[in-house]
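Residue-level structural notes
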Amino acid sequence: MNISDLKRDLIKKISETEDSVLLLQINTLLNEKNENESEKNMSSVHEPELKYESVRIFSAEEQRKINIALKQVENGEFISNEEAQIEIEKWFEEQEK
């Protein structure tokens, strides 16, 4: 398989996938490759280096749980860190009995 065939095959596979995590990984890999090549070609340029930050894609279940938690916060259904610490200490004391 020559380079042109490989490119066509990859383009076809990429356009058919719905896997956002895989697409982000491909994007990261290509960005890193391009950055490395541009660094070699522009070694005399003194500009700040750009960094690619990865993106976390949540599953449907994770997003559902996040949405529930956000609603709870909006409705005031939470306790402070201090209150949580007090409850934890009480629980430990009860376990020691």
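Everything below is about the structure printed above this text.
Description of the structure in this document. (Residues numbered from 1 in each chain as written. Predicted model: local features only at pLDDT ≥ 70, side-chain atom pairs only at ≥ 80, totals over all residues. Heavy atoms only, no water.)

1. So, the pattern of salt bridges
Filter applied, for reference: Put simply, a salt bridge is a Lys or Arg side-chain nitrogen that is within 4 Å of an Asp or Glu carboxyl oxygen. Working definition: helices are DSSP H or I runs of at least four residues, strands are E runs of at least two. Numbering for both runs from the N terminus. Each residue is assigned to one of three classes by its accessible area relative to the maximum for its type, calculated with a 1.4 Å probe on protein chains only: buried under 20%, partly exposed between the two thresholds, exposed over 50%.
For the structure shown, the criterion picks out seven salt bridges. Linking Asp9 and Lys13 is a salt bridge whose minimum nitrogen-to-oxygen distance equals 3.3 Å. With Asp9 and Lys13 both in helix H1 (residues 3–16), this residue pair falls four residues apart, about one helical turn. A relative accessible area of 26% means that Asp9 is categorised as partly exposed. The partner of Glu74 in a salt bridge is Lys71, and the shortest N-O contact between them spans 3.8 Å. Within this pair, Glu74 and its partner Lys71 are both found in helix H3 (residues 60–74), separated by three residues, close to a single helical turn.

Bear in mind that shape data such as this cannot, by itself, settle questions of function.
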